[in-house]
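# Report on the structure
Listed below, chain by chain, are the residues.
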Amino acid sequence: VDWAKDGEVQTNWQVETDIFANSDKKWVAVGKANDFAPNVGTPILYSDTQLAIFNNAQRGEWYCTQNMCPHKQAFVLSQGIIGDVSGIDKVA
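Residues numbered from 1 in each chain as written. Predicted model: local features only at pLDDT ≥ 70, side-chain atom pairs only at ≥ 80, totals over all residues. Heavy atoms only, no water.

It is worth spelling out the side chain of Asn 67 at this point. Residue position: Asn 67 is located in the loop between strand E3 (61–66) and strand E4 (82–85). In this structure Asn 67 comes out as buried when scored by relative accessible area, which is 2%. Residues in contact with Asn 67, not counting those within four places in the same chain, are Pro 43, Gln 50, Leu 51, Ala 52, Ala 74, Phe 75, Val 76, Leu 77 and Ser 78. (Helix = DSSP H or I, 4+ residues; strand = E, 2+ residues; numbered from the N terminus. Buried < 20%, exposed > 50% of the residue type's maximum accessible area, 1.4 Å probe, protein only. Contact = heavy atoms within 4.5 Å.)

See the structure below:
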């Protein structure tokens, strides 16, 4: 077997520049705006997926992400707080 040398790429996988290129993107109705409290997360079940919806009333923006924490594998992101670090939105 011809193993890659230290520091060389270990696979020949192609890296996607747009990780969402093959994702299904569409708007779906999940509730009325007043169903979601301002500045906190709300968990919803859409099909077989748990989502966390955030109404950032201070900025007039809405965010949606999966509700599962990637570290603990628990459905808790909707319990987090929203903020930003150097202008990049975060859920903590």
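Attention shifts here to a nonpolar patch on the surface. A surface patch of nonpolar side chains, about 210 Å² in accessible area, is lined by Val 28, Val 30 and Tyr 46. Tracing the chain through its elements places Val 30 in the segment before strand E1 (41–46). (Patch = residues over 30% accessible without salt bridge, like charges linked within 9 Å, V, L, I, M, F, W, Y side chains within 5 Å. Areas by Shrake-Rupley, 256 points an atom, 1.4 Å probe, with all protein chains shown as cover. Salt bridge = Lys/Arg side-chain N within 4 Å of Asp/Glu carboxyl O.)

With respect to the element layout, Ala 92 can be found in the segment after strand E5 (88–91). Exposure remark for Ala 92: the relative accessible area of 71% places this residue in the exposed category. Put simply, Ala 92 and Gly 80 are 12 residues apart on the chain and 5.1 Å apart in space, counted from C-alpha to C-alpha. Contact partners of Ala 92, with chain neighbours within four places excluded, come to Gly 80 and Ile 81.

Glancing now at the layout of surface pockets. Space inside the largest pocket adds up to approximately 820 Å³. Of all the secondary structure elements, the ones that give two or more residues to the lining of the largest pocket are E1, strand E2 (49–56) and E3. It is E3 that contributes the most residues to the lining of the largest pocket, 3 residues altogether. Its residues assigned to classes, the lining of the largest pocket comprises 13 nonpolar, 2 polar and 3 charged. When its volume is computed, the second largest pocket comes out at roughly 300 Å³. Taken together, 15 residues line the second largest pocket, and the ones lying closest to its centre are Thr 65, Leu 77, Asp 89, Lys 90 and Val 91. Of all elements in the fold, only E2, E3, E4 and E5 reach the threshold of two or more residues within the lining of the second largest pocket. It is E3 that contributes the most residues to the lining of the second largest pocket, 4 residues altogether. (1 Å grid on protein atoms, 1.4 Å probe; cavity = no way out; pocket = protein on both sides within 12 Å on 5 of 7 lines; lining within 4 Å. Points joined across faces, edges and corners; volume = space filled by probe spheres on them. Nonpolar A, V, L, I, M, F, W, Y, C, P; charged D, E, K, R; others polar.)

Phi angles above zero are rare outside glycine, and Ser 47 is one such case at about 60 degrees. Located in the positive-phi region is Gln 73, a residue other than glycine, with phi close to 60 degrees. Position of Gln 73 relative to the elements: it lies in the loop between E3 and E4.

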